[in-house]
Amino acid sequence: MAATKESQTHLGVRVKKHKWHWKCLIIYFQGREELIEALRKAKFDADKAKTTMQDLSDELKEVKEDLDDSEKSRNRLEEELLNVKQSKEYLKRNRKAPKDTLEKPLLVAAFEFGTTFSGYAFSFRYETTQIRTNGAFCTEPVISAKVPTCVLLNPQKEFDAFGSDAEYKYMNLVEEGKHKPWMLFRRFRMLFHNNDGISRYARVKDITGKKMSAMTIFEMSIRYLRDHLINALTRHVGEIKESDILYVITVPAIWNDAAKEFMRKAALRAGLDNDRIKLALEPEAASIWCQHIDISLKTDLSKTGSQYMVVDLGGETADISVHEKNFDGTLKEIHKASGGPWGGTCVDQNFISCLTNIFGETTMSKFKEKHMDDYYDLLRVFETKKRIINPEMDGLVRFSLPNALISIYDETEQLTIKEKLEKMKIADDVALEHEKLRVSADFVRSWFSESIEKTTQHMIKLLSDSNMMNVSTILLVGGYGECMLVQDAVNKKIRNKKIIIPQDAGLAVLKGAVLFGHFYWLS
């Protein structure tokens, strides 16, 4: 008995020693990882410091930004093209599938019409999560995987071009003085902003004020995306039949039934089969996508009964809804979708308002009318610039101004720009030097303040409701959701909630809509 007790004692000592050794090893590896992480951070800080050396000229900085954007676009293009080429083998294999499986769509394609940008994405039945976007077929560097929401009509009011092609062609017509019979429609989804007056007879205005049937413009847009998708797939993958595709069209959750029915009718007029059209709510599509990607954060979105808020920030609106995960994997809406006109276009409007206050309404009106190409070039430059604004940025943000704008101001106004800025008491924040408007970072950030403040306050109000006490996670998606100022404000003002921002937040709705279409056939 004594021997046994002694053996047990020795065994206990050995176990404790082993535990102690393991603890030492764990502490060692944790310390080693922290050291490695610290070294990585130090290297990152050193690299960052090198790139921000003050002796770089303003011109070199702008060139570097353009080169970086072009490189990212080229890398994304190469990756997407490689994925599309690999789909050819999948297509051949799927064609040989049993007859009963061919009744289901070979692929699901989703269309998203945003206020600022639009696009499509798709994936095949046997590789549902390998989702491609129309960025795979872009031939030029772009600032988004989508294209501008623009439609160009010729003098006979027939469809001519969509997206960037529409913008560039119209600007060329402006330079040649041949644009007046043509019609360019931009951001026409704002027709649905208040859900008022939506009918098949609704009309939208082009950039010069000429009107056209809204149904016709949406029909042309859907037909263009459908044709572009099929033509691209035929070139890169092989023959695709209309019956092979299920189409999913995304709509904001705050749209009423009339707006949703309007979109369905436009799709039918564009030639899509009614049995192969599904509408997906944008917040629901975004939440589906977030549950199927690795976002480097542990989340309980997939747990039955989990409640979470989806904040979809697009160009036009902030669309906020709250969902609960059902036991069967479906989603239940526990708070009606709400929000307001607090999207990225608010920032654009504030930028234009600032220019109007400085140069005057008369100057801006003449500039837009006589030099429309320069006017929209200025907006495109601003769209790029506003994506790099962050909370830590200091110093000046520089905007190159067209010569025409400055010339018209000099001809129209009596005060010099410097005198005007001093009179407005903003000379400390804004200056014009060598045809460049130099604006303090704080002043630029003020253009974002209104939309961010209204969005975060609305989120706080919703979360304060007693029915929202179990909401543990917030998904921040949409193109404007990629804005670093928005992300910083949400993280600072919303406490005790897990904030999840997926990579490529601007594509979360589009890619989630593709999965939505696949899940529809599985249900």
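Rules behind the numbers
Residues numbered from 1 in each chain as written. Predicted model: local features only at pLDDT ≥ 70, side-chain atom pairs only at ≥ 80, totals over all residues. Heavy atoms only, no water. Helix = DSSP H or I, 4+ residues; strand = E, 2+ residues; numbered from the N terminus. Buried < 20%, exposed > 50% of the residue type's maximum accessible area, 1.4 Å probe, protein only. Contact = heavy atoms within 4.5 Å. Areas by Shrake-Rupley, 256 points an atom, 1.4 Å probe, with all protein chains shown as cover. Core = buried A, V, L, I, M, F, W, Y, C linked by side-chain atoms within 4.5 Å. Pairing = 2+ DSSP bridges. Axes fitted to C-alpha atoms, helices over the stretch in contact; angles between N-to-C directions. Parallel < 35°, antiparallel > 145°, perpendicular 65-115°, else oblique. Left-handed = near helix turned anticlockwise from the far one by under 90°. Nonpolar A, V, L, I, M, F, W, Y, C, P; charged D, E, K, R; others polar. Salt bridge = Lys/Arg side-chain N within 4 Å of Asp/Glu carboxyl O. pLDDT = per-residue confidence, 0-100.

Some details on the overall build of the protein chain
And then number 1: A count of helices and strands for the protein chain gives 14 helices and 19 strands.
And then number 2: Split into buried and exposed, the 523 residues of the protein chain put 47% on the buried side.
And then number 3: Sequence separation of at least 24 residues holds for 70% of the intrachain contacts in the protein chain that already meet a minimum separation of 6.
And then number 4: As displayed, the protein chain has an accessible area near 27600 Å², and 52% of this comes from carbon and sulfur atoms.

Description of the nonpolar core
When a protein is soluble and globular, its nonpolar side chains tend to lie buried together.
And then number 1: Tyr-170, Met-309, Phe-359, Phe-399, Trp-447 and Phe-448 are the most contacted members of the largest nonpolar core, which totals 70 residues.
And then number 2: Of the residues forming this core, the biggest block, nine residues, is contributed by helix α12 (residues 441-463).
And then number 3: Contacts of Phe-399, omitting those with residues within four sequence positions, involve Phe-351, Phe-382, Lys-385, Glu-435, Lys-436, Leu-437, Val-439, Val-444 and Trp-447.
And then number 4: Counting 44 residues, the second largest nonpolar core, distinct from the first, contains Val-151, Met-215, Trp-255 and Ala-270.

Observations regarding the side chain of Asp-312
And then number 1: Tracing the sequence through the fold places Asp-312 in strand β12 (residues 307-313).
And then number 2: Among all residues touching Asp-312, those that are not within four sequence positions of it are Glu-282, Thr-317, Ala-318, Asp-319, Val-477, Gly-478 and Val-509.

Remarks on the sheet that holds strand β15 (residues 396-400)
And then number 1: The three strands lie next to each other as β15-β17-β16, forming an open sheet whose pairing is antiparallel. The open sheet has two edge strands with one neighbour each: β15 and β16 (430-433). Ignoring strand direction, the axes of neighbouring strands in this sheet form an average angle of 25°.
And then number 2: In terms of strand pairing, β16 meets strand β17 (residues 436-440) through four bridges, oriented antiparallel. Across the sheet, the residue bridging to Val-430 is Val-439, located in β17.
And then number 3: Of the strands in this sheet, β15, β16 and β17 touch α12, which is tilted by about 80° from β17.

Description of the packing of helix α4 (residues 214-236) against helix α5 (residues 257-269)
Each pair of packed helices can be summarised by the angle the axes make with each other and by the distance between the axes.
And then number 1: Close contact between α4 and α5 brings their axes to 8 Å; oriented N to C, the two are set at 60°. Regarding the angle of α4 to α5, the classification is oblique. Judged by the sense of rotation from one axis to the other, the crossing of α4 with α5 is right-handed. Residues Ala-214, Met-215, Thr-216, Phe-218, Glu-219, Ile-222 and Arg-223 of α4 touch α5, and the partners they reach there are Phe-262, Met-263, Lys-265, Ala-266, Ala-267 and Arg-269.
And then number 2: Across the contact of α4 with α5, the residue classes tally to eight nonpolar, one polar and four charged.

Overview of the environment of Asp-374
And then number 1: The topology assignment puts Asp-374 in helix α9 (residues 372-385).
And then number 2: What makes Asp-374 partly exposed here is its relative accessible area of 23%.
And then number 3: Distance in space between the C-alpha atoms of Asp-374 and Pro-402 is 6.4 Å, their sequence separation being 28 residues.
And then number 4: Discounting residues that sit within four places of it in the chain, Asp-374 has contacts with Phe-367, Pro-402 and Ala-404.

Points about the pattern of salt bridges
And then number 1: For the structure on display, the rule yields 22 salt bridges.
And then number 2: Across the pair Asp-377 and Arg-380 runs a salt bridge, and its minimum N-O distance is 2.4 Å. Of this pair, Asp-377 and Arg-380 both sit in helix α9, three residues apart, roughly one helical turn.
And then number 3: Classification of Asp-377 as partly exposed rests on a relative accessible area of 35%.
And then number 4: Between Lys-386 and Glu-383 there is a salt bridge, with its nearest N and O atoms 3.4 Å apart. Comparing Lys-386 with Glu-383, the two get one shared label, buried.
And then number 5: A network of salt bridges, in which partner residues are shared, links Arg-187, Asp-348, Glu-383, Lys-386 and Arg-387.

Re the sheet that holds strand β18 (residues 471-477)
And then number 1: Strands sit in the order β14-β13-β12-β18-β19 across an open sheet of five strands; the sheet is mixed. Each edge of the open sheet carries a strand with a single partner, namely β14 (331-340) and β19 (498-500). Taken pair by pair, the neighbouring strands of this sheet meet at an average axis angle of 20°, ignoring direction.
And then number 2: Relative to β18, β12 is paired through six bridges, and the arrangement is parallel. By the bridge assignment for β18, Val-310 is matched with Leu-475.
And then number 3: Sitting on the sheet, α12 touches β12, β13 (318-325), β14 and β18, and the angle it makes with β12 is about 160°.
And then number 4: Sheet strands touched by helix α13 (residues 484-493): β12, β18 and β19. Its angle to β18, the strand with the most contacts, is close to 170°.

Considering the confidence of the model for the protein chain
And then number 1: This prediction gives the protein chain a mean pLDDT of 80; 75% of its residues lie at or above 70.
And then number 2: Every residue in residues 80-102 scores below 50 in pLDDT, and together they form 42 contacts with partners more than four places removed in sequence or on other chains.
And then number 3: For the stretch residues 136-143, pLDDT sits under 50, and the model shows 20 contacts to residues farther than four places along the chain or on other chains.

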